[in-house]
Each structure stands twice: as structure tokens, then as C-alpha cells.
Amino acid sequence: MASATCALCGQQAESEDVPLTWMTSIEDGRKLLYCDRCARENVRSIEGKLDSVYW
Ligand SMILES: [Zn+2]
């Protein structure tokens, strides 16, 4: 099993386990991982999706 890899920047986790600071996102039925830095940058777009759902 390959180690966890960030879907955006390609950074790999040091272990096979996903770090707690990483974020998991299900998009188009696929499980995507984002490292802590990319997750922070993605919070806005993800919250934007949620907002559109609420509206
Ligand atoms: Zn990343």
C-alpha cells in the first residue's frame, strides 16, 4: 500500500496512515487527500460548496 499522497501538491505522508492534520475529501466517488497546507487553502472553496448547498 502506497503512503498517503496529497492530491494537490503531491506531498507524501511519512507513514501509510493519514496524518490527523490532513483532510479527506470525497469527490466524484473518489477519496482524495489533502495535506495540512493544501487543506487550509481548500477550506474556502469547500465552504463555498457548502454555502451553495445551503442556498
Ligand atoms: Zn498538499
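Residues numbered from 1 in each chain as written. Predicted model: local features only at pLDDT ≥ 70, side-chain atom pairs only at ≥ 80, totals over all residues. Heavy atoms only, no water.

Asks: I would appreciate a short explanation of the overall build of the chain in the present structure.
Replies: Looking only at helices and strands, the chain features 1 helix and 2 strands. When the helices and strands of the chain are read in sequence order from the N terminus, they spell out β-β-α. A total of 55 residues make up the chain; the buried ones form 22% of that total. Of the contacts formed within the chain by residues at least 6 apart in sequence, a portion of 27% connects residues at least 24 apart. Working note: accessible area of the chain is about 4600 Å², and carbon and sulfur atoms make up 51% of it. (Helix = DSSP H or I, 4+ residues; strand = E, 2+ residues; numbered from the N terminus. Buried < 20%, exposed > 50% of the residue type's maximum accessible area, 1.4 Å probe, protein only. Contact = heavy atoms within 4.5 Å. Areas by Shrake-Rupley, 256 points an atom, 1.4 Å probe, with all protein chains shown as cover.)

Asks: Help me out: how do you make sense of the coordination of the zinc ion in this one?
Replies: For the zinc ion, the protein coordination sphere consists of Cys6 (SG), Cys9 (SG), Cys35 (SG) and Cys38 (SG), at 2.3 Å. Metal-centred angles of 105 to 117° between the 4 donor atoms at the zinc ion mark the site as tetrahedral. One chain supplies every donor to the zinc ion, and in sequence these donors are spaced C-x2-C-x25-C-x2-C. Under the relative-accessibility criterion, Cys6 is labelled buried at 4%. (Donors = N, O, S within 2.8 Å, 3.2 Å for Na, K, Ca; no water. Tetrahedral: all angles 85-135°; square planar, octahedral: opposite > 155°, others 65-115°.)

Asks: Hey, could you run me through the pairing of strand S1 (residues 23-27) in this one?
Replies: For a regular strand, side chains alternate in direction, first toward one face of the sheet and then toward the other. Direction of pairing for S1 relative to strand S2 (residues 30-34): antiparallel, over a ladder of 5 bridges. Residue pairing in the sheet places Glu27 in a bridge with Arg30 of S2. Counting the residues in the hairpin turn of S1 and S2 gives 2 residues, including Asp28, whose phi is positive at 55°. (Pairing = 2+ DSSP bridges.)

Asks: I tried to follow the side chain of Ser25 on my own but got confused; where do I start?
Replies: Along the chain, Ser25 turns up in strand S1. Of the residues examined, Ser25 reaches a relative accessible area of 12% and is grouped as buried. In terms of polar contacts, Ser25 uses its side chain to reach the side chain of Glu27, at 3.2 Å. Setting aside residues up to four positions removed in sequence, Ser25 forms contacts with Arg30, Lys31, Leu32 and Tyr34. (Polar contact = N/O pair within 3.5 Å; in protein donor to acceptor, adjacent residues only side chain to side chain.)

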